[in-house]
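Coordinate inspection notes
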Amino acid sequence: MEAHLGDIELTLTPQEGGGAIWRFALEAQRLPSFARAIREEGGQLLALWGSDDRHLERGFAVHVAFLSSVGLIWTTSDLDPERPAYPDLACIFPQADRMQRATFDLLGIRADGAVDERKWLRHGAWPADAFPLRKDFDASRPASHDTDAYPFIRVEGDGVHEIPVGPIHAGTIEPGHFRFSIIGDRILKLEERLGYTHKGTEKRFEGLDLDTGARLAGRVSGDSHSAYAWAYCLAVETATASAVPARAVWLRALFLEMERVANHLGDLGYLGNDVALAFGFMQFWRLKEDWLRLTARLFGHRYLFDRIVPGGVALDLADAGKAELAALADRIETEVGELKAVYDEHAGLQDRFANTGIVKPDLAARMGLTGLAGRASAQAWDARAQFPQAPYDELDVNMATARKGDVLARAEVRFAEVKESLRLIREILRRLPAGDIRAPLAPVSRVCEGLGWVEGWRGDILVAVRIGADGRLDRVHAHDPSWQNWPLVELGVLGNIVPDFPLINKSFNLSYSGQDL
Amino acid sequence: MATHLILQKIFKTGIVSEPAPEADLSLRVRERELHAEILKVFGQAVSIRCVDAGSCNGCELEIHALGGPHYNIEGLGVKFAASPRHVDLLLVTGPVTRNLEVALKRTYDAIPEPKWVVAMGDCGCGCGQIGDLFGENYATRGKVSGVIPVDVEVPGCPPTPEALLRGILAAVSGKAR
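Once a new chain begins, its residue numbering starts again from 1 and follows that chain's sequence as written. Written order decides the labels, with chains lettered from A and ligands numbered from 1. Predicted model: local features are reported for residues with pLDDT of at least 70 only, side-chain atom pairs are reported and counted for 80 or more only, and whole-chain, interface and lining totals are derived from all residues. The side-chain values count all of the structure's non-hydrogen atoms but skip hydrogen atoms and water molecules.

Let's talk about the pairing of strand β5 (residues 116-120) of chain B
Residues and elements named next belong to chain B. In this scheme, a residue with accessible area under 20% of its type's maximum is buried, one over 50% is exposed, and one in between is partly exposed, where area comes from a 1.4 Å probe on protein chains only. Numbering of helices and strands runs from the N terminus, with a helix taken as a DSSP run of H or I at least four residues long and a strand as a DSSP run of E at least two residues long. When you tally the buried positions in β5, you get five out of five residues, the bulk of the element. In β5, alternate side chains face the same way, and those of Trp-116, Val-118 and Met-120 on one face and Val-117 and Ala-119 on the other are all buried. Examined bridge by bridge, strand β3 (residues 89-93) and β5 share five bridges and lie parallel to one another. Within β5, the residue paired with Leu-90 across the bridge is Val-117. In this sheet, strand β7 (residues 152-154) lies alongside β5 in parallel orientation, the contact comprising three bridges. Residue pairing for β7: Met-120 is matched across the bridge by Val-154. Strands are labelled as partners when DSSP assigns at least two bridges between them.

Below is the structure:
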């Protein structure tokens, strides 16, 4: 297919069997002009990662996934094996900044001309001159125990105070450090320091068999298990040119929507809790618990862990289960409607939600805010609606958007998405095709690659996979939407009071594990 | 009016809390001689500090679920607290990452004696099918007991809220295994 992006003419090759995913090789020097063309066209940068390809008789490579009007464009640029570098893209897409820094920490691939060259995922656990994702990384080298000594940006002036928070927080949430600079109760600056849950996940993928890889992919961020497992399986199935039975594809969508409902119910409860409406927490968590228990009864796991597997799904749904699930979906829809009436009417809650933690649409567009937070700031992207892959191409998903970009807007988008997911679930149950639920993967005899793209409950989840000629995983990169959304938490809290931070943070509910890898 | 709607919903919902499960003493990995007096006190109430030492956040989902109305943990005297100085029990999830190791040890040290540690999940316990999925590598120290002393291990990926509650109760139960 010929495509035009700005003044760049391209011949795009669709990823085999990969829907709206296009791939091509691009010289590193042309990356900025290409990125600018995408930007002018209204597109975004979704992910940036690197790979060590020296064992394939190449150098290193930098990969970028762009979102554009034709779908997702995956560019690969080969880099010099001795001095791997590519031109900075953060000056065009600011969301590339942390991804570029992480790519350096893990692979020693440099973004030339980048303004911010501080470390990101590396704290003190490995030395600055060691790069864990290089194939010749010496894992036996003793870990350094340097303290992190991260150079935060200081705000100085009369009456400015610093509040360091974390890595261990007051509540039961994942670890991360937040450095507030405040005057009185107003936030002047917030700087995040993440990476505390860095588990070496990407290194761990190397050499795994394809089934174990699916289990690990699902645990990149546990709350998005089905989204990751599906994206990983799509990547593997594309790479190996394997077909998946229709019933399995529909069941995968069922799992993804069930995951979305569970997470949104939990968040709506916590948003109530964070404005001292314990009633909201208890009611939504009662519904979530009912949902999880039925999920466990039907599929053997409360969060559907390991139910999406390469080639299909691991467990079928009996007809009796369909009726039960549809009945619970009906009840939850009714009850969520009742609770929404309470949230709508509750003056205290509305007062705290409205005009708090605003990310305006133009800022969201400039910074690449994605997923549900993006949609609450008028960034109308939803892969299920715009680039639907099976079975969404037959489901006609209604995208939920809002314009105000405050806590209220993010709650409203969740309410709308719960309703839509429950509709999709009923629709899937009604139209679930008969047949097998798993097919064997086509055998692997050469190095092959694929990319999977799934609209998780938080936003776009991407998994890129390279399988070696031996049929085992050679390189896997998993991308969480939290990468591009975390910087907007820093900006969304500005001018707000410190006590509203937990509420604003919860309204985004971003993953630490997903971006720490 | 919100008040009217709230009251209506509360009465319609009724009480969904379930009876408490029994402590599962088989989850104990360490037996300690403790003063009978102390156990009598802790048998009534326990305050918990959670530390995610590197989990995928799956275990956190179940810790949150434990706070829901089905489990009524505060009715049992189980409470989550913000400061390690205020707690009796440390609940740790995840394979312990090197980036969080120091913070975990400091949290452990900050808890006054006597204290208990519950490791939660296959990664934190280093057991089951998932226990070695992350394993030990340049970034990870593996199971919690490799870093701080552990009294109770609750396996699962993630363990259900009920299993977690049985483990917490086992840690502070005065009964011997």
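Concerning the interface of chain B and chain A
We call two residues contacting when some pair of their heavy atoms lies within 4.5 Å. Listed by partner, the interface residues are 56 residues for chain B and 61 residues for chain A. Summed over both partners, the interface of chain B with chain A comes to about 4600 Å²; 62% of that surface belongs to carbon and sulfur atoms. A side-chain nitrogen of Lys or Arg and a carboxyl oxygen of Asp or Glu constitute a salt bridge if their distance falls within 4 Å. For the salt bridge of Arg293(A) with Glu18(B), the shortest nitrogen-to-oxygen distance reads 2.6 Å. Here a polar contact means two N or O atoms within 3.5 Å. Within protein one must be a hydrogen donor candidate and the other an acceptor candidate, and residues neighboring in sequence count only if both atoms are side-chain atoms. Here chain B is connected to chain A by 32 residue pairs in polar contact (both at pLDDT 80 or more). Put simply, the parts of the chain that give the side of chain B that touches chain A at least two residues each are α1 (2-13), β1 (46-52), α3 (58-66) and α4 (98-110) of chain B. In terms of residue class, the side of chain B that touches chain A is built from 29 nonpolar, 17 polar and 10 charged. Buried area is understood as the total, over both parts, of accessible area removed when two parts are fitted together, assessed with a 1.4 Å probe. Charged means Asp, Glu, Lys or Arg here, nonpolar means Ala, Val, Leu, Ile, Met, Phe, Trp, Tyr, Cys or Pro, and polar covers whatever is left, Gly included.

Structural notes on the nonpolar core
Side chains of nonpolar character tend, in soluble globular proteins, to be buried together. For this analysis, a nonpolar core means a set of buried residues of the types Ala, Val, Leu, Ile, Met, Phe, Trp, Tyr and Cys, connected via side-chain atoms within 4.5 Å. Core analysis: the largest hydrophobic core is formed by 156 residues, its most contacted members being Tyr232(A), Leu254(A), Trp291(A) and Phe353(A). With 14 residues, the single largest contributor to this core is helix α6 (residues 246-273) of chain A. Among all residues touching Phe353(A), those that are not within four sequence positions of it are Leu271(A), Gly272(A), Val275(A), Tyr343(A), Asp406(A), Val407(A), Leu408(A), Ala411(A) and Leu503(A). By size, the runner-up hydrophobic cluster in this structure holds 23 residues, among which are Val46(B), Ile63(B), Val152(B) and Ala171(B).

Some details on the domain arrangement of chain A
Delimitation of the domains relies on an automatic or database domain assignment. Parsing chain A into structural domains produces domain 1 (2-112), domain 2 (198-242 + 444-479) and domain 3 (244-356 + 388-400 + 409-439). In this structure, domain 1 of chain A and domain 3 of chain A have C-alpha centres spaced 34 Å apart.

As for the environment of Glu57(A)
Residue and element names in this part refer to chain A. Inspection of the secondary structure puts Glu-57 in the loop between β5 (44-52) and β6 (60-68). On the basis of relative accessibility, which here comes to 78%, the residue Glu-57 falls in the exposed class. Glu-57 sits 62 residues away from Lys-119 along the chain, and the two C-alpha atoms are 29 Å apart.

Digging into the pairing of strand β11 (residues 177-183) of chain A
Residue and element names in this part refer to chain A. Burial analysis of β11 places six of its seven residues in the buried class, the great majority of the element. Judged from the six bridges that link them, strand β10 (residues 160-165) and β11 form a sheet pairing that is antiparallel. Each residue of the ladder has a partner; that of Ile-163, found in β11, is Phe-180. Two elements, β11 and strand β12 (residues 186-193), share seven bridges in a ladder whose sense is antiparallel. When the bridges of β12 are listed, Ile-182 appears paired with Ile-187. Taking the residues between adjacent antiparallel strands as the criterion, β11 and β12 are bridged by two residues, where Gly-184 takes a positive phi near 60°.

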